[in-house]
Amino acid sequence: QVQLVESGGGLVQPGGSLRLSCAASGLAFNDYAMGWFRQAPGKDREFVAAVSRSGDNTVYPDSVKGRFAVSRDNAKNTVYLQMDNLAPEDTAVYYCAADGYLYPDYDTPGVYDYWGQGTQVTVSS
């Protein structure tokens, strides 16, 4: 049984940082590109970051580029999302997801095979 378990969410002040983790089990982690998405109340699920199987390639939307960084440790079956300079508009539930390929549809939720349960990130003073 495939499981993706996110952790590291919480409440942070504007300008602060958080590091999310996503631990994977039940799948050949090295065979999957990994993505991060977020969903705020009343909004569609939004692409945040993705990393290739090896970790050599990463992609980000303009909204988080320069503030967020995705990485992975294949030895630990874990993908990370470092989030810096957080703003209130970053408040959402953050999900990790697994897909066989990074390209071409890394920003499309429907192509991902597996999803975690999500972790809440709240940015507020």
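For clarity, every value in this text was computed on a predicted model and none was experimentally measured.

Peer 1: Before we go on, may I ask you to explain the side chain of Thr 119 in this structure?
Peer 2: Within the element layout of this structure, Thr 119 appears in strand E11 (residues 119-123). Under the relative-accessibility criterion, Thr 119 is labelled buried at 11%. At a separation of 3.3 Å, a polar atom in the side chain of Thr 119 contacts the main-chain amide nitrogen of Gly 9. The residues touching Thr 119, leaving out its near neighbours within four places in the chain, are Glu 6, Ser 7, Gly 8, Gly 9, Leu 20, Ala 92, Val 93 and Tyr 94.

Peer 1: It is not clear to me how the nonpolar core should be interpreted in this structure. Could you clarify?
Peer 2: What tends to happen in soluble globular proteins is that the nonpolar side chains get buried as a cluster. Among the nonpolar cores identified, the biggest contains 29 residues, and Met 34, Trp 36, Leu 81, Met 83 and Tyr 94 are the most heavily contacted of them. If sequence neighbours within four positions are ignored, Tyr 94 has contacts with Glu 6, Leu 20, Phe 37, Arg 38, Val 48, Phe 68, Leu 81, Met 83, Gly 118, Thr 119 and Val 121. Counting residues in hydrophobic clusters, the runner-up holds eight residues, among them Phe 37, Phe 47, Leu 102 and Tyr 112.

Peer 1: Looking at this structure, how should I read the sheet that holds strand E3 (residues 18-25)?
Peer 2: Note on sheets: strands pair through backbone hydrogen bonds, and any given pair is parallel or antiparallel. If you trace the four strands from one edge of the open sheet to the other, you get E1-E3-E8-E7, paired in antiparallel fashion. At either end of the open sheet lies a strand with only one pairing partner, and these are strand E1 (3-7) and strand E7 (68-73). On average, each strand axis in the sheet is inclined to that of its neighbour by 15°, with strand direction left out of account. Where E1 meets E3, five bridges bridge the pair, whose relative direction is antiparallel. The partner of Ser 7 across the bridge, within E3, is Ser 21.

Peer 1: What is the right way to look at the state of the cysteines in this model?
Peer 2: Tallying each qualifying case throughout the model produces one disulfide. Disulfide pairing places Cys 22 opposite Cys 96 at an S-S distance of 2.0 Å. Of note, the bridge from Cys 22 to Cys 96 carries an S-S torsion of about 50° and is right-handed in sense. Within this pair, whereas Cys 22 is found in strand E3, its partner Cys 96 is found in strand E9 (residues 92-99), the two being separated by 74 residues in sequence. Taking relative accessible area as the criterion, Cys 22 reaches 0% and is therefore assigned buried. Assessed through its relative accessible area of 0%, Cys 96 is described here as buried.

Peer 1: What's the story with the pairing of E11 in this structure? I'm lost.
Peer 2: For a regular strand, side-chain orientation follows a simple rule: the groups alternate between the two sheet faces. Side chains Thr 119, Val 121 and Val 123 project from E11 onto a buried face, and the interleaved Gln 120 and Thr 122 project onto a face without burial. Pairing geometry for strand E2 (residues 10-12) and E11, over three bridges, is parallel. Bridge pairing in E11 places Val 12 opposite Val 123. One ladder, built from three bridges, connects E9 with E11; its direction is antiparallel. Counterpart to Tyr 94 in the pairing with E11 is Thr 119.

Here is what the cut-offs are and how they apply
- Residues numbered from 1 in each chain as written.
- Predicted model: local features only at pLDDT ≥ 70, side-chain atom pairs only at ≥ 80, totals over all residues.
- Heavy atoms only, no water.
- Helix = DSSP H or I, 4+ residues; strand = E, 2+ residues; numbered from the N terminus.
- Buried < 20%, exposed > 50% of the residue type's maximum accessible area, 1.4 Å probe, protein only.
- Polar contact = N/O pair within 3.5 Å; in protein donor to acceptor, adjacent residues only side chain to side chain.
- Contact = heavy atoms within 4.5 Å.
- Core = buried A, V, L, I, M, F, W, Y, C linked by side-chain atoms within 4.5 Å.
- Pairing = 2+ DSSP bridges.
- Axes fitted to C-alpha atoms, helices over the stretch in contact; angles between N-to-C directions.
- Disulfide = S-S within 2.5 Å.

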